[in-house]
Amino acid sequence: MEVKMSSKFIAELIGTFGLVLFGCGAAAIAGVDTIAGLSGLGLLGISMAFGLSVVVFAYAIGGISGCHINPAVTIGVLLAGRMPAKDAIVYVIAQCLGALLGAFVLQQILGGQLAGFTAGEWAYGANGWGTKYQSEYGTTAAFITETILTFIFLFVILATTSKVGNSTMAGLAIGFTLLLIHMVAIPITGTSVNPARSFGPALLAGGQALSQLWLFIVAPILGAVIAAAVWKVTEPKGDTIA
């Protein structure tokens, strides 16, 4: 059964919206201890929020759009020859709109605190690097981290969703890969590996988050390009499969 592009657009928008709301929401709302004395989620909890979000939406919308919910994934799939460019453009637009909507809802929730809420330089779970951000890593470390981890993420996606992969377990493998990625990268960049996920919060946070957005567009896309190229070389061809 062929799925309409409008359905794919809506699915990608909702999936990316959910990823930003759950993932960035976990970081911005529940990442640290609360005034009421509740313990914050911490690095592991935030990592799980992002990873499980991908698992949930992989099984919810995977049959509709493939659950890219990430422009880097869409670009990687495009370069691997699995989708036409016109579809990829629609996907990226849906993802960016979904991420912006997710960040907007998060902004409204945080603004509802009775004691008031002051947005900092990297509000709403925005990504960043440098002085006063997380463990204060430099630009080079941030760029390498985002490029390499996106490469790994895309390679796993292309492999698990290929004809030689286990499609029934792909959602879990991809989600757990993102969880592992966050466990490494949160102290460095807050973890992007997803230009849309970075776009929404940065646009609303402004300041340094917005000025640093370029890295979270360029590095993940570079990682996706490398992954697609490596997968084309690695992918078993025809009767060469053991």
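Structure: above.
Residues numbered from 1 in each chain as written. Predicted model: local features only at pLDDT ≥ 70, side-chain atom pairs only at ≥ 80, totals over all residues. Heavy atoms only, no water.

*Asks:* Hey, could you run me through the overall build of the chain in this one?
*Replies:* Per the secondary structure count, the chain includes 9 helices and 0 strands. The principal-axis extents of the C-alpha atoms in the chain amount to approximately 65 × 40 × 30 Å. Here the chain holds 242 residues, and 46% of them are scored as buried. Counting contacts in the chain only where the partners sit at least 6 residues apart, residues at least 24 apart contribute 76% of the total. (Helix = DSSP H or I, 4+ residues; strand = E, 2+ residues; numbered from the N terminus. Buried < 20%, exposed > 50% of the residue type's maximum accessible area, 1.4 Å probe, protein only. Contact = heavy atoms within 4.5 Å.)

*Asks:* Can you help me understand the nonpolar core in this one?
*Replies:* Inside soluble globular proteins, nonpolar side chains tend to come together where they are buried. One finds Ile69, Phe153 and Leu154 to be the most contacted residues of the largest nonpolar core, which totals 47 residues. The set of elements that each furnish at least two residues to this core consists of helix H1 (5-30), helix H2 (42-65), helix H3 (71-79), helix H4 (85-110), helix H5 (139-160), helix H6 (170-189), helix H7 (195-205) and helix H9 (215-234). Those residues in contact with Leu154 that sit more than four places away from it in its chain are Ala72, Val73, Gly76, Ala224 and Ala227. With 5 residues, the next largest nonpolar core counts Trp129, Ala142, Leu215 and Ala219 among its residues. (Core = buried A, V, L, I, M, F, W, Y, C linked by side-chain atoms within 4.5 Å.)

*Asks:* Where do I start with H5 in this structure?
*Replies:* For the α-helix, the turn length of 3.6 residues means that residues three or four positions removed from each other point alike. Taking 1.5 Å as the rise per residue, H5 with 22 residues should run 32 Å; its terminal C-alpha atoms sit 32 Å apart, in good agreement. Where H5 is concerned, the buried positions are Ala142, Thr145, Glu146, Thr147, Leu149, Thr150, Phe153, Leu154, Val156, Ile157, Leu158 and Thr160. On its buried face, H5 is in contact with H3, H6 and H9. (Expected span 1.5 Å × (residues − 1).)

*Asks:* Would you mind going over the packing of H3 against H9 with me for this structure?
*Replies:* Each packed pair of helices is defined by two parameters, the angle between the axes and the distance between the axes. Where H3 meets H9, the axes come as close as 8 Å, and the angle between the chain directions of the two elements is 30°. Taken together, the axis directions place H3 and H9 in an arrangement best described as roughly parallel. The two elements H3 and H9 cross, and the hand of that crossing is right-handed. Contacts from Ala72, Ile75, Gly76 and Leu79 in H3 reach Pro220, Ile221, Ala224, Val225, Ala228 and Lys232 in H9. Per-class residue counts for the contact of H3 with H9 are 8 nonpolar, 1 polar and 1 charged. (Axes fitted to C-alpha atoms, helices over the stretch in contact; angles between N-to-C directions. Parallel < 35°, antiparallel > 145°, perpendicular 65-115°, else oblique. Left-handed = near helix turned anticlockwise from the far one by under 90°. Nonpolar A, V, L, I, M, F, W, Y, C, P; charged D, E, K, R; others polar.)

Limitation: the analysis is restricted to geometry and does not speak to function.
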